[in-house]
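Coordinates in review
Each chain is listed here by its residues.
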Amino acid sequence: MTVRAKGLDHVAIVVRDLEESIPLWRDALGLELTHVEEVPEQAVKTAIFGHGMGRVELICPTTQDSGVAKFLTSRGEGLHHVCIEVEDIESAMDSLRKAGAPLIDKEPRPGAGGARVAFVHPKGMRGVLTELRQGPPDPATPVSGGGRRRP
Ligand code: ZN
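The structure reproduced in this document is the subject of the present report. (Residues numbered from 1 in each chain as written. Predicted model: local features only at pLDDT ≥ 70, side-chain atom pairs only at ≥ 80, totals over all residues. Heavy atoms only, no water.)

This part covers the pairing of strand S1 (residues 5-14). Relative to strand S5 (residues 78-86), S1 runs antiparallel, the two sharing eight bridges. Bridge pairing in S5 links Val11 to Val82. Across five bridges, S1 lies against strand S4 (residues 55-61) in parallel orientation. Each residue of the ladder has a partner; that of Val11, found in S4, is Val56. (Pairing = 2+ DSSP bridges. Helix = DSSP H or I, 4+ residues; strand = E, 2+ residues; numbered from the N terminus.)

By the secondary structure assignment, Ser66 is in the loop between S4 and helix H2 (67-75). Taking the relative accessible area as the measure of exposure, Ser66 reaches 10% and is therefore buried. Aside from chain neighbours lying at most four places away, what touches Ser66 is Gln42, Ala43 and Pro61. (Buried < 20%, exposed > 50% of the residue type's maximum accessible area, 1.4 Å probe, protein only. Contact = heavy atoms within 4.5 Å.)

Attention now moves to the side chain of His80. By the secondary structure assignment, His80 is in strand S5. Polar side-chain contacts of His80 include one of 2.8 Å to the side chain of His81. Among residues more than four places away in sequence, those in contact with His80 are Ala12, Ile13, Val14, Ile59, Val68, Phe71 and Leu129. (Polar contact = N/O pair within 3.5 Å; in protein donor to acceptor, adjacent residues only side chain to side chain.)

Right, let's get into helix H1 (residues 18-28). Each α-helix turn comprises 3.6 residues. Residues three or four places apart therefore point the same way. For H1, the set of buried residues is Leu18, Ser21, Ile22 and Trp25. Across the axial projection of H1, the buried residues extend over an arc of 115°, all falling on one side. Turned more than 90 degrees away from the buried face of H1 sit Glu20, Leu24 and Ala28, all of them exposed. Those residues of H1 that are buried lie in contact with S1, strand S2 (33-39), strand S3 (44-49) and S4. (Arc of directions from axis to C-beta.)

The next subject is the environment of Thr62. Its place among the elements puts Thr62 in the loop between S4 and H2. A relative accessible area of 38% places Thr62 in the partly exposed class. Note: C-alpha distance between Thr62 and Val39 (23 residues apart in sequence) is 9.2 Å. Aside from chain neighbours lying at most four places away, what touches Thr62 is Glu38, Ala43, Val44 and Lys45.

Further remarks concern the pattern of salt bridges. On inspection of all chains with the given rule, the structure shows ten salt bridges. Between Arg26 and Asp27 there is a salt bridge, with its nearest N and O atoms 2.9 Å apart. On the accessibility criterion, Arg26 (35% relative accessible area) is partly exposed. The partner of Arg97 in a salt bridge is Asp94, and the shortest N-O contact between them spans 3.0 Å. With Arg97 and Asp94 both in helix H3 (residues 89-98) and three residues apart, the pair spans about one turn of that helix. Among the ionic contacts, a cluster of salt bridges with common partners joins Asp9, Arg55, Glu85 and Arg133. (Salt bridge = Lys/Arg side-chain N within 4 Å of Asp/Glu carboxyl O.)

Encoded structure:
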């Protein structure tokens, strides 16, 4: 069986204060802020910039004891993870497991935007926490034939 990935879905940057950080990417850099969402399953609030593949996602912990909160305490603000969009998350997880990359999630779990996600430990991915994501299609992705569907 061949595993297929579509490419970089997003990079996630952990920030201390979401509202305070948004203007830097939106106003100073000029990225379009497309979505702000709280993801209770991961105890984070996220701000997503751009459409489709290659989005930038700011994440901010909403509790003191989550993984993201601990990351922020120990390492400060910065790159948190990269996310690769895959066609079949179970087979991607299987394939990485066989390649010796330890998975943090044994099963896919709910992520932002109704996707299913699973994290691969940085020690198996050359030091970068890596999220696997199997979408529904991004609701903000331009629809072929003109026009753009907004959430
Ligand atoms: Zn992510």
